[in-house]
Amino acid sequence: MFNNLTDISIPEALLITVFSMGIVFAALLIIDLILQGFRSLFYKGKRQTKTSKTNVVIKNDKKTMEQDRVTENTDSDEEELVAVIAAALAASLSRPVSDIKINKIRRVGQETSVWSKAGRLEQMN
Amino acid sequence: MFNNLTDISIPEALLITVFSMGIVFAALLIIDLILQGFRSLFYKGKRQTKTSKTNVVIKNDKKTMEQDRVTENTDSDEEELVAVIAAALAASLSRPVSDIKINKIRRVGQETSVWSKAGRLEQMN
Amino acid sequence: MFNNLTDISIPEALLITVFSMGIVFAALLIIDLILQGFRSLFYKGKRQTKTSKTNVVIKNDKKTMEQDRVTENTDSDEEELVAVIAAALAASLSRPVSDIKINKIRRVGQETSVWSKAGRLEQMN
Amino acid sequence: MLFDILHKFWDSTGFKALLDSFFKVDNPIEILQSPLIMILVSFILLYLAIKKQFEPLLLVPIAFGMLLTNLPMAGLMDNDGLLHYLYMGTKLGIYPPIIFLGVGAMTDFGPLIANPKSVLLGAAAQFGIFFTFIGAVLISKMGIPGIGFTGQEAASIAIIGGADGPTALYLTSQLADHLLGPIAVAAYSYMALVPIIQPPIMRFFTTEEERKVKMEQLRPVSKTEKIIFPIVVATFCILLLPSAAPLVGMLMFGNLVRECGVVERLSNTIQNELTNIVTIFLGITVGATAKAEVFLQGQTIAIIVLGLLAFSVGTATGVLFGKIMHKATGGKVNPLIGAAGVSAVPMAARVVQKEGQKANPSNFLLMHAMGPNVAGVIGSAVAAGILLLFFS
Amino acid sequence: MLFDILHKFWDSTGFKALLDSFFKVDNPIEILQSPLIMILVSFILLYLAIKKQFEPLLLVPIAFGMLLTNLPMAGLMDNDGLLHYLYMGTKLGIYPPIIFLGVGAMTDFGPLIANPKSVLLGAAAQFGIFFTFIGAVLISKMGIPGIGFTGQEAASIAIIGGADGPTALYLTSQLADHLLGPIAVAAYSYMALVPIIQPPIMRFFTTEEERKVKMEQLRPVSKTEKIIFPIVVATFCILLLPSAAPLVGMLMFGNLVRECGVVERLSNTIQNELTNIVTIFLGITVGATAKAEVFLQGQTIAIIVLGLLAFSVGTATGVLFGKIMHKATGGKVNPLIGAAGVSAVPMAARVVQKEGQKANPSNFLLMHAMGPNVAGVIGSAVAAGILLLFFS
Amino acid sequence: MLFDILHKFWDSTGFKALLDSFFKVDNPIEILQSPLIMILVSFILLYLAIKKQFEPLLLVPIAFGMLLTNLPMAGLMDNDGLLHYLYMGTKLGIYPPIIFLGVGAMTDFGPLIANPKSVLLGAAAQFGIFFTFIGAVLISKMGIPGIGFTGQEAASIAIIGGADGPTALYLTSQLADHLLGPIAVAAYSYMALVPIIQPPIMRFFTTEEERKVKMEQLRPVSKTEKIIFPIVVATFCILLLPSAAPLVGMLMFGNLVRECGVVERLSNTIQNELTNIVTIFLGITVGATAKAEVFLQGQTIAIIVLGLLAFSVGTATGVLFGKIMHKATGGKVNPLIGAAGVSAVPMAARVVQKEGQKANPSNFLLMHAMGPNVAGVIGSAVAAGILLLFFS
Ligand code: NA
Ligand code: NA
Ligand code: NA
């Protein structure tokens, strides 16, 4: 398509940019349209009617470091966390936020240190 | 062994069938004999005497879909399940069925949905 | 370095031994020195001051056979086990032994037999 | 110039290739081999796997592999394509024996050891394989245009009757890897359909009285027997049929790891992560062999039909042999358990349990059916060994 | 004779080679390419990864690989070296799509399905890629000695702007694998620095009022939609851009395995062990490409600078497009969520959440930002496909 | 014709080949190399591994691989055989370093860091390696027919004295892979026999008084030290001995992943699934190298004898160096801990603990023995590096 793809001229670079961003937008625009189709096909607002309260105990996984950063902050963050979890659950459980009541946030994570100790012991006994 | 193995004639196919089923039966018949040898070597009906009652709590794994199909049915299936588990345990614990008393069937599985939610949250917080 | 490495003479073998053990000792001696450097860099005996008691519940893993061998012995070994665990924890928690009080040793392992039974059942139901 | 790029871009898309597969064909019949049809087939398989739960562990990866390979221009099965690299494990016959390792580690041969006679039912059900082999040869002689199988192909189709996924995929990968797609689809679909295919055949060949037979309690099996079993069976079967070594060897190694009780951590990893990883790679690459031009052939229809025949005949001969044993033992054997000899573990054994209870609600045949069921796995591995001996 | 051996031994050590890299150079400038400098760089990266928690899952392996490859004479990247064998999975483009399989299995596209318009923010943020591409071409024209990029190299550098590790590593492995080291370091470092890079840009381009905007509750998304989504998006994107197939195909396969609900055990293994194993091998071998003589070049500095540009421009165009949507919807869209379009999942979405709350403590933008965030992953995979189309 | 097939079938079985190995030999002495004998040897190893729990994690796979490879005609180690494909990871030196990655991730170097002097005990115990090396050379000079070792073979046999499985397998795979079978069997058997081999030697070289010595509490070790340790040791050892890079590099990478605390998920996968999967493949393919014609040689007996020598001498020199340290420190060091320097982690350290308690019930030497024990792992990796430097 171009004279020499190992040595790109500036006009060529601009052309590539315009064309590529065009394709990127076109592609994602079509995905947008597909998803709007999803909405009309699958979502009729029915679920709004069944508003059962959901009690949730959040089980934190030990896998990422994300939570450690959260753990650094305290107290004031606790409320943010509740709100964020509520919002997240709302989406993932397909319920409006108002339906969700969080009773208790129990951190289950950080067992890792115990485990790795068990590992060490295992190795020695 | 045959003229042309990429182009099999019908008599050849029949011969292959007769011969192969012969080998299959011979092979499995010998396994049968070996297992009858096992019986006389290892099993003297001794275990019958020690009839201690075994209380078992069945821990269902979350891994396969099998249990979901079971879960669809209810109530009337519960009894079948107990019976089947008893039979299975009888074999795997090497005890006659009458020795086994199942107190409680506790399903531990299906934590997966909770976990995958935790996964999603983890990703977002 | 040698005439023929596929056919080693006895003097050559002795030379290799002397030289190699020399390198092994030299290498590990330097590691010794590095670790003595660690001691002076990172360890000032400070931690001695904060002597909070640590209550520990040991969680045995089901993975190795080691513990089975331990399990064979009983009673008299229990004390040894406590002592050994205390020593191990002392090192891994960076606390002197006297700081550690073990309340309870709870074996969590050996669920494997239950699990494998669950596996078999799963396969059959 | 932008127009020029757009034109070239359009030529590079799969959309154009897909349109061309309809409108730029020399012969209207070629439309029947359009990748679009395969894309639709993959959607149907995804529907069956997800909604109807047809053996989803393999059919979801197979169907997605089928989708990816039929999106034109993507080149995932080209020599330097991602799926082609992963396919090497299928082609070289590595993945299926590793799955068998996992199957061995998940299988309890206790019911077979307790009731050795049931091993013969696992032999009888292999008639399905060879009946189908004859069928495939017969069809080839009928002169239907586009439908004809070489000996290797006929053997690969026949093994569908083994009702055992890894065995079918291993044999096919060694004898006729271009048929991996249709044979995998047929084998896994019929395995999922066992609860529908088998009951009428089981009822047709048995009387109500026979189905009511309650079988006596199996004897207990000791740990020692369970440990010795895989060693002895592997040694014997491989000495008899060296070509069955990859399948039987791995099956029995997995079982030994399971039963020996001293390598629990290996057993867990084999049963879970190793099997899962290989399942994903095996499934998606088997699906990726099903390109439109090889899948959309008259042969595929013949394979689908012959596969159904294979399952049906295997069930029937299993049940009929069960009837012989019923007579020979003076009525101690319920002939229904013969149907479990096709393998399709553990589905076929569960079908036997259900049918037995329909006839007699106090009947528990599950453990008795597990014997022929696991014997069927050994039986079809042996049959695969014989076919490899002839055809490779 | 012992002295002779000692002399030869000394010649075989890395210590001697390291000393020679300082004292036995033809030209003093060569000292700047001493492996010792790379060893120090690897220590710094380890410090950042461990102490500062800069994307440690990849930077710890990358930094250690960098250390090992720069210890002279060890030969781990020689043709028969350990890391060279493991590197094949990187070079052949196998590891990054498998990581994408894991990413798909860990990603919830629900927020994107619920708010389709947010997909456009994921498109807008890709300007960062192409802006950087122009930048790399411009720099090459400036005639700075030792700094000049081919088209393939410029494309590989540009993809840093995608803020997506596996995509960057895949594209670079296909177009310019000698740059894997610096591009990986830049990409993962800036992803870790997202909470520092993005906020000033976000605040610069938005008003207080705009940042205060609360967005309305997302609609619920059904299981069916989540299952159909990966199938449809894979089919469409690969038909449009066949070259994106390895990335988009694996991403969406992983997501289907996650959402279909019938292959939980495959989903678990993909998310955990498979991803972890491949992460280790990918990381250490990517690091192992960063030998002193290729890493310690003026080009690396240019890549570091251009990478920062890429992230900044992507953030800015995302936010600016957010402002357009803010206007177009009559103020319903908070423009901050545009910043999440660069991907860097989920860090960028969390930054949006924090900035939104700073402006308005009752503001919860996280779920709204997850839409552009995951759209950005698709967007940069699409952009990578276009660049592959041009340059491979 | 059926008879004809049966005849050809019989020729294809392993049974015939096995019979021929007894009755159709040119020279009666060839009977001693019958595969049947190896099959019996594999059964004995399985018995030891399962019933006596001799290092079952490796001996169960090794013994089963030995069984499979000696079933005639199965061809699992032919160029296109299943085990031959899997063997590539052993032959290319990939599996053992990955096992070392796992060992690193499972090892706590804390006791070594707390007591640096114990590192020298890990050096002293390596005398066992070189003593055995001299022994192997001596035996070769004795002119016993059929027993003679090249330098490479002598080095591979000597490394048994390292009492470290992956190191022995790595060195042997690089220098003399035809000896993998006997060397693996000897190494793992003697590691299992450590509780029987070591105590008499330990008691012979020490006095009751010495064994009663209680050692003072180890100092606490900080997280920072544990993180820096693997980085520094890897850098130093590989600079000194580049040929040790695959072993030392992976050992220390695994340890860094363990100790750095920010990549817990990688650490878990390395310690469990990755190590387990590679253990299975390594074990079964190492066993598969032990075909009758290479295993049933006078050399194997020599290897078994030399291996025992290696363990015994290593234990003795470790204890003797312990006595030197006992004197040098004015009685602060219990010389028993020197025996742990042979590695065989953690068995040797446990033996020290038991012997110490026998002499003095209030004696807890375990943590003090862990120092030399893990130092022994580094020591034999260094020794392996030197042997590779000479002989590869
Ligand atoms: Na079968
Ligand atoms: Na992106
Ligand atoms: Na050692």
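Quick notes on the rules
- Sequence order as written defines the numbering, with residues in each chain counted from 1.
- By the order in which they are written, chains take letters starting at A while ligands take numbers starting at 1.
- Totals for whole chains, interfaces and linings use every residue, but because this is a predicted model, local features are given only for residues with pLDDT of at least 70 and side-chain atom pairs only at 80 or more, for both listing and counting.
- Only heavy atoms go into the side-chain values, all of them from the structure, while hydrogens and water stay out.
- Under the DSSP-based scheme used, a helix requires at least four consecutive residues in state H or I and a strand at least two consecutive residues in state E, with every element numbered from the N terminus.
- Relative accessibility thresholds used throughout: buried, under 20% of the residue-type maximum; exposed, over 50%; partly exposed, between the two (1.4 Å probe, protein chains only).
- The contact criterion used throughout is that any non-hydrogen atoms of two residues lie within 4.5 Å.
- Here the Shrake-Rupley method, with its probe set to 1.4 Å, supplies the accessible areas, and only the displayed protein chains count as covering residues.
- For Na, K and Ca the donor cut-off is 3.2 Å, while for other metals it is 2.8 Å, and in both cases only N, O and S atoms qualify; water is not among them, so sites may look incomplete.
- The criterion for a disulfide is a pair of cysteine sulfur atoms lying within 2.5 Å.
- Exposure above 30% relative accessible area and no salt bridge define the residues that can form patches, which grow by joining like charges within 9 Å and nonpolar side chains of Val, Leu, Ile, Met, Phe, Trp and Tyr within 5 Å.
- When a carboxyl oxygen of Asp or Glu lies within 4 Å of a side-chain nitrogen of Lys or Arg, that pair is called a salt bridge.
- A pair of aromatic rings is counted whenever rings of Phe, Tyr or Trp (Trp by its six-membered ring) have centres within 6.5 Å, and the orientation is called stacked for planes under 30 degrees apart, edge-to-face for over 60 and tilted otherwise.
- Simply put, the buried area is the total loss of 1.4 Å probe accessible area from both parts when two parts are fitted together.
- Polar contact criterion, stated in full: a pair of N or O atoms within 3.5 Å, where within protein one must be able to donate a hydrogen and the other to accept it, and residues adjacent in sequence count only if both atoms are side-chain atoms.
- Helices are assigned an expected span. That span is 1.5 Å times one less than the residue count.
- Each C-beta atom gives one direction from the helix axis, and the arc is the one those directions make.
- Here, nonpolar core means buried Ala, Val, Leu, Ile, Met, Phe, Trp, Tyr and Cys residues that are tied together by side-chain atoms lying within 4.5 Å of each other.
- Comment: axis = line fitted to C-alpha atoms, over the contacting stretch for helices; angle = value between 0 and 180 degrees taken between N-to-C directions.
- With the far helix as reference, a near helix turned anticlockwise by less than a right angle produces a left-handed crossing, and one turned clockwise produces a right-handed crossing.
- Only Asp, Glu, Lys and Arg are considered charged, only Ala, Val, Leu, Ile, Met, Phe, Trp, Tyr, Cys and Pro nonpolar, and every remaining residue, Gly among them, polar.
- By definition, pLDDT measures how confident the predictor is in each residue, and it falls between 0 and 100.

### A short note on the overall build of chain A
Thought 1: Broken down by element type, chain A carries four helices and two strands.
Thought 2: Listed N to C, the secondary structure of chain A is α-β-α-α-β-α in terms of helices and strands.
Thought 3: Looking at chain A residue by residue over its 125 residues, the buried ones come to 42%.
Thought 4: Sequence-distant contacts, at least 24 apart, represent 66% of the contacts inside chain A between residues at least 6 apart.
Thought 5: For chain A, the computed accessible surface area is about 6400 Å², with 55% contributed by carbon and sulfur atoms.

### A word on the coordination of the sodium ion (ligand 3)
Residue and element names in this part refer to chain F.
Thought 1: Within the protein, Gly162 (O), Val342 (O), Ser343 (OG), Gly376 (O) and Ser380 (OG) serve as the donor atoms for the sodium ion (ligand 3), at 2.0 to 3.0 Å.
Thought 2: For the sodium ion (ligand 3), all donor residues lie on one chain, and their spacing in sequence is G-x179-V-S-x32-G-x3-S. Placement of Gly162 in the loop between helix H10 (151-158) and helix H11 (165-175) and of Gly376 in helix H20 (residues 366-391) is noted, with a sequence separation of 214 residues between them. As far as the burial class goes, Gly162 and Gly376 line up, both buried.

### Here we look at the state of the cysteines
Residue and element names in this part refer to chain D.
Thought 1: Counted by the stated rule, this structure contains zero disulfides over all chains.
Thought 2: Sulfur of Cys260: no disulfide; nearest cysteine sulfur belongs to Cys237 and is 20 Å away.
Thought 3: On the basis of relative accessible area, Cys260 is assigned to the buried category, the value being 2%.

### Concerning a nonpolar patch on the surface
Thought 1: A cluster of nonpolar side chains, contributed by Val18 of chain A together with Leu2 and Leu6 of chain D, occupies part of the molecular surface with about 240 Å² of accessible area.
Thought 2: Here Leu2 of chain D is to be found in helix H1 (residues 2-12).
Thought 3: On the basis of relative accessible area, Leu2 of chain D is assigned to the partly exposed category, the value being 35%.

### Section: the coordination of the sodium ion (ligand 1)
Thought 1: Surrounding the sodium ion (ligand 1) are the protein donor atoms Gly162 of chain D (O), Val342 of chain D (O), Ser343 of chain D (OG), Gly376 of chain D (O) and Ser380 of chain D (OG), at 2.0 to 3.0 Å.
Thought 2: For the sodium ion (ligand 1), the donor residues sit on a single chain with the sequence spacing G-x179-V-S-x32-G-x3-S.

### Brief notes about unusual backbone geometry
Thought 1: Between Val345 of chain D and Pro346 of chain D the backbone carries a cis peptide bond, its omega angle lying at -10 degrees.
Thought 2: For Pro346 of chain D, the location among the structural elements is in the loop between helix H18 (298-328) and helix H19 (347-359).
Thought 3: Of note in this structure, Glu55 of chain F is not a glycine but carries a positive phi near 30 degrees.
Thought 4: Within the fold, Glu55 of chain F resides in the loop between helix H3 (35-50) and helix H4 (56-69).
Thought 5: Despite not being glycine, Ala344 of chain F has its phi angle at roughly 50 degrees, a positive value.
Thought 6: Tracing the backbone shows Ala344 of chain F in the loop between helix H18 (298-328) and helix H19 (347-359).
Thought 7: Here Ala344 of chain F falls in the buried class, since its relative accessible area comes to 4%.

### Focus: the pattern of salt bridges
Thought 1: Evaluated as defined, the whole model comprises 37 salt bridges over all chains.
Thought 2: Each of the salt bridges in this network shares a partner with another, and the network as a whole consists of Asp11, Lys16 and Asp20 of chain D.

### Observations regarding the packing of aromatic side chains
Thought 1: Within this structure, the stated rule accounts for 39 aromatic pairs over all chains.
Thought 2: Judged by centre distance (5.1 Å) and plane angle (85 degrees), the ring pair of Phe204 of chain D and Phe205 of chain D falls under edge-to-face.
Thought 3: A ring pair is formed by Phe22 of chain E and Phe23 of chain E, whose centres lie 6.4 Å apart and whose planes are at 50 degrees; its orientation type is tilted.
Thought 4: Each residue in the set Phe19 of chain A, Phe9 of chain D together with Phe133, Phe390 and Phe391 of chain E is aromatic and connected to the rest through ring pairs, giving one cluster.

### With respect to the interface of chain D and chain B
Thought 1: Counting residues at the interface gives 57 residues for chain D and 49 residues for chain B.
Thought 2: For the pair chain D and chain B, the two sides together bury roughly 4800 Å², of which 75% comes from carbon and sulfur.
Thought 3: On the chain D side of the contact with chain B, Arg219, Pro220 and Phe390 of chain D bury the most area, a combined 14% of that side's loss.
Thought 4: The interface formed by chain D and chain B contains two salt bridges.
Thought 5: Notably, a salt bridge pairs Asp7 of chain B with Lys141 of chain D, separated by 3.0 Å at the nearest N-O pair.
Thought 6: Between chain D and chain B we count three residue pairs in polar contact (both at pLDDT 80 or more) in total.
Thought 7: Those elements that provide at least two residues to the side of chain D that touches chain B are helix H7 (110-114), helix H8 (118-124), helix H9 (127-141), helix H10 (151-158), helix H14 (223-240), H19 and helix H20 (366-391) of chain D.

### Observations concerning the environment of Ala136 of chain F
All names here are of chain F.
Thought 1: Here Ala136 shows up in helix H9 (residues 127-141).
Thought 2: Looking at Ala136, the relative accessible area reads 0%, which means it is buried.
Thought 3: The spatial distance from the C-alpha of Ala136 to the C-alpha of Ala349 is 28 Å, given a sequence separation of 213 residues.
Thought 4: Other than its neighbours up to four places away in sequence, Ala136 contacts Phe149, Ala154 and Leu306.

### Remarks on the side chain of Asn363 of chain E
Residue and element names in this part refer to chain E.
Thought 1: If you trace the backbone, Asn363 turns up in the loop between helix H20 (347-359) and helix H21 (366-391).
Thought 2: Under the relative-accessibility criterion, Asn363 is labelled buried at 1%.
Thought 3: In this structure the side chain of Asn363 is engaged in a polar contact, spanning 3.3 Å, whose partner is the backbone oxygen of Arg211.
Thought 4: Asn363 has contacts with Arg211, Lys212, Val213, Lys214, Asn334, Gln353, Gly356 and Gln357, leaving out every residue within four places of it along the chain.

### Observations regarding helix H3 (residues 35-50) of chain E
Residue and element names in this part refer to chain E.
Thought 1: The terminal C-alpha atoms of H3, which comprises 16 residues, lie 22 Å apart, in line with the 22 Å expected from a rise of 1.5 Å per residue.
Thought 2: Turning to H3, its buried residues are Pro35, Met38, Ile39, Ser42, Leu45, Leu46, Ala49 and Ile50. Here the buried residues of H3 occupy an arc of 120 degrees about the axis, which is enough to place them on one side.
Thought 3: Where H3 begins, the capping side chain belongs to Ser34, and its oxygen is found 3.0 Å from the backbone nitrogen of Leu36.

### What about the nonpolar core?
Thought 1: Counting 522 residues, the largest nonpolar core has Ile378 of chain D, Ile378 of chain E together with Ile378 of chain F as its most contacted members.
Thought 2: If near-sequence neighbours (up to four positions away) are discounted, Ile378 of chain F is found in contact with Leu28 and Ile31 of chain C together with Phe109, Leu112, Phe229, Val233, Cys237, Leu251 and Met252 of chain F.

### Brief notes about the packing of helix H9 (residues 127-141) of chain E against helix H19 (residues 298-328) of chain E
Residues and elements named next belong to chain E.
Thought 1: For the pair H9 and H19, the least separation of the axes is 7 Å and the interaxial angle reads 145 degrees. With respect to the hand of their crossing, H9 and H19 are arranged in right-handed fashion. Along its contact with H9, which presents Phe127, Gly128, Phe131, Thr132, Gly135, Ala136 and Ile139, the element H19 presents Leu306, Leu309, Ala310, Val313, Gly314 and Thr317.
Thought 2: For the contact of H9 with H19, a count of residues per class yields eight nonpolar, five polar and no charged.

### Some thoughts on the side chain of Ser173 of chain F
All names here are of chain F.
Thought 1: Along the polypeptide, Ser173 turns up in helix H11.
Thought 2: Among the polar contacts listed, one links the side chain of Ser173 to the side chain of Gln174, at a separation of 3.1 Å.
Thought 3: Excluding residues within four positions of it along the chain, Ser173 makes contact with Thr90, Lys91, Gly93 and Leu180.

### Observations concerning H4 of chain F
Working note: α-helix, 3.6 residues per turn, so residues spaced by three or four point in the same direction.
Thought 1: Given a rise of 1.5 Å per residue, 14 residues ought to cover 20 Å, and the 19 Å separating the end C-alpha atoms of H4 of chain F matches this to within 8%.
Thought 2: Burial of H4 of chain F is extensive: 13 of the 14 residues sit out of reach of the surface.

### Re the environment of Asp32 of chain C
Thought 1: Positionally, Asp32 of chain C belongs in helix H1 (residues 10-42).
Thought 2: You can call Asp32 of chain C buried: its relative accessible area is 0%.
Thought 3: Separated by ten residues in sequence, Asp32 of chain C and Phe42 of chain C place their C-alpha atoms 15 Å apart.
Thought 4: Sequence-distant contacts of Asp32 of chain C, defined by excluding residues within four places in its chain, comprise Pro116, Lys117, Val119 and Leu120 of chain F.
Thought 5: Of note is the side chain of Asp32 of chain C, whose polar atom sits 2.5 Å from the side chain of Lys117 of chain F.

### Concerning the confidence of the model for chain D
Thought 1: Mean pLDDT over chain D: 94, with 100% of residues reaching 70 or higher.
Thought 2: Across the interfaces of the predicted complex, the ipTM metric reaches 0.84, alongside a pTM of 0.86.

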